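Structural features, examined
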Amino acid sequence: MFKYQSTKSTGSKSWVIQRVTGVALVILMIGHYILMHYNPDSGHTYGAVLNRMSYSWYRIIDISFLILGMYHGLNGVWGIFRDYKLKTWQNYTVIALLLIFGLAFVAWGISIIFSIPYIHTTSAH
Amino acid sequence: MSQNNYSKIKTFDQRGWVKENLSYKKDPGSWAWILHRITGIALIGYLFLHIYSLSPLTQGEAAFNDKMKSFTSPFFMFIEWLLFAFVLFHSLNGIRIVLVDWADGAKYQKSLYVWSWIVGVVLFIMMGIVMFSYEIGLLAK
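Bear in mind the structure is a predicted one, so any value in this text is a computation, not a measurement. Throughout this document, residue positions are counted from 1 along each chain, in the order its sequence is written. Working convention: letters from A go to chains and numbers from 1 go to ligands, in the order in which they are written. Whole-chain, interface and lining totals are the exception, using all residues; otherwise, since this is a predicted model, local features are given only for residues with pLDDT of at least 70 and side-chain atom pairs are given and counted only at 80 or more. To get the side-chain values, take all heavy atoms of the structure and skip hydrogens and water.

All right, on to the confidence of the model for chain A then. Averaged over chain A, the pLDDT score is 82; the fraction of residues at 70 or greater is 85%. Predictor confidence is given residue by residue as pLDDT, running from a minimum of 0 to a maximum of 100. The secondary structure listing takes helices from DSSP runs of H or I that are at least 4 residues long and strands from runs of E that are at least 2 residues long, numbered from the N terminus. Across chain A, the element-wise mean pLDDT spans from 70 in helix H2 (residues 40-44) of chain A up to 92 in helix H5 (residues 88-115) of chain A.

Residues and elements named next belong to chain A. Note on placement: Gly22 falls in helix H1 (residues 12-36). With relative accessibility at 16%, the residue Gly22 sits in the buried group. Spatially, the C-alpha atom of Gly22 lies 7.0 Å from that of His72, the residues being 50 residues apart in sequence. Three labels apply to residues, based on accessible area from a 1.4 Å probe with only protein chains included: buried if under 20% of the type maximum, exposed if over 50%, partly exposed otherwise in between.

Okay, the side chain of Asn75 of chain A next. Examined against the element boundaries, Asn75 of chain A turns out to sit in helix H4 (residues 56-83). Setting aside its immediate chain neighbours within four residues, Asn75 of chain A contacts Ser14 and Gln18 of chain A. Note on contacts: a residue pair is in contact if any heavy atoms of the two residues lie within 4.5 Å.

Time to look at the nonpolar core. Throughout this description, the term nonpolar core refers to a set of buried Ala, Val, Leu, Ile, Met, Phe, Trp, Tyr and Cys residues connected via side-chain atoms within 4.5 Å. Judged by nonpolar contacts, the single largest core of 28 residues is most densely connected at Met70 of chain A together with Ile44, Ile51 and Leu57 of chain B. When residues of this core are traced back to their parent elements, those giving at least two are helix H3 (46-53), H4 and H5 of chain A together with helix H2 (28-54) and helix H3 (61-69) of chain B. Formed by 13 residues, the second largest nonpolar core is a distinct cluster that contains Leu92, Met127, Met131 and Phe132 of chain B.

Turning next to the packing of H2 of chain B against H3 of chain B. All names here are of chain B. Two elements in contact, H2 and H3, have axes whose closest approach is 10 Å; the angle formed by their N-to-C orientations is 135 degrees. Relative to H3, H2 is oriented oblique. Contacts from Tyr52, Ser53 and Leu54 in H2 reach Phe64, Lys67 and Met68 in H3. Across the contact of H2 with H3, the residue classes tally to four nonpolar, one polar and one charged. Under this scheme, a helix contributes an axis fitted over its contacting stretch, all axes are lines through C-alpha atoms, and angles between N-to-C directions fall in the 0 to 180 degree range. The labels follow the angle: roughly parallel below 35 degrees, roughly antiparallel above 145, roughly perpendicular from 65 to 115, and oblique for the rest. Each residue gets one label: Ala, Val, Leu, Ile, Met, Phe, Trp, Tyr, Cys and Pro are nonpolar, Asp, Glu, Lys and Arg are charged, and the others, such as Gly, are polar.

Put into C-alpha cells, the structure is as follows:
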C-alpha cells in the first residue's frame, strides 16, 4: 500500500494533527476532570448533567471533545498498525473497521448529547 | 544501540517481535514509548466504554441515576483512579513528545521523562486525596 506513495504523503500531516489534537485534548481534559470530579454528584447525577447541558456552549465543547478524542485515539491505533507491515487488504480492513466504529460511536455520542432536553434545574448542583 | 552495530541490524521479524522487543536494553525513551502505547490503547478502549456507559442519558433521570449508582462504589472509584494514572501518563508523556518535536526537547527528553513521572505521581496522589476525601475522613475519626 505504502510502496507506491509519493513523498508528498509521508504521514507527516497526520503526525502534526496528532500533536495539535493532543495538546487540545490535554486542555479539555483538565476542564473535564475539574467539572466531573468537583464533587461526587457533579459527574454522576442526572440533574447536574441537565444543568450543564442547558448551555449550548457546553454541548459544543462536549461534542468537540468527543470528536477530537475519537480522532486522536483511532489515528493512534492506526499508527500502531502501521508499525507492523500488513498486507494491503489487511490495511484496508483495519481502516474500514476504525472508520465504521469511530463514526458510529461519534454519532451515538452526539445523539446522546442532543437527546438531553434543555432544562435548567435550580435544585441540582 | 552502540554506533558500530549497523552490520548486526536484522530485517524486521514479525513473528519474533515480542521476544525482540523484550530483548534490548531500554532507555527512558523506550519505556516512554511502550507505556504511551499501552495507555493509549487503554484510553481509546475507555472512550468507547464511556460513550456506552453514558447512553442511559437518553432514557431519562431514573435510568441514568440507576446506572451511575454502580460507578460510585469504592471499587469503581479505585478503577477510575487508576484510569486517571493512565490519563496522566499519556498526557504528560504527550507533552514530552510535543516538546521533543517542536521545542528541541530531544536534548532533554530523558530528564523530561523523569519529570513527567514526578509530576504524575504527585498529581495522582492529589487526585486520590480529592476522590477519597470522604473515606479518608471516616478513617481519621
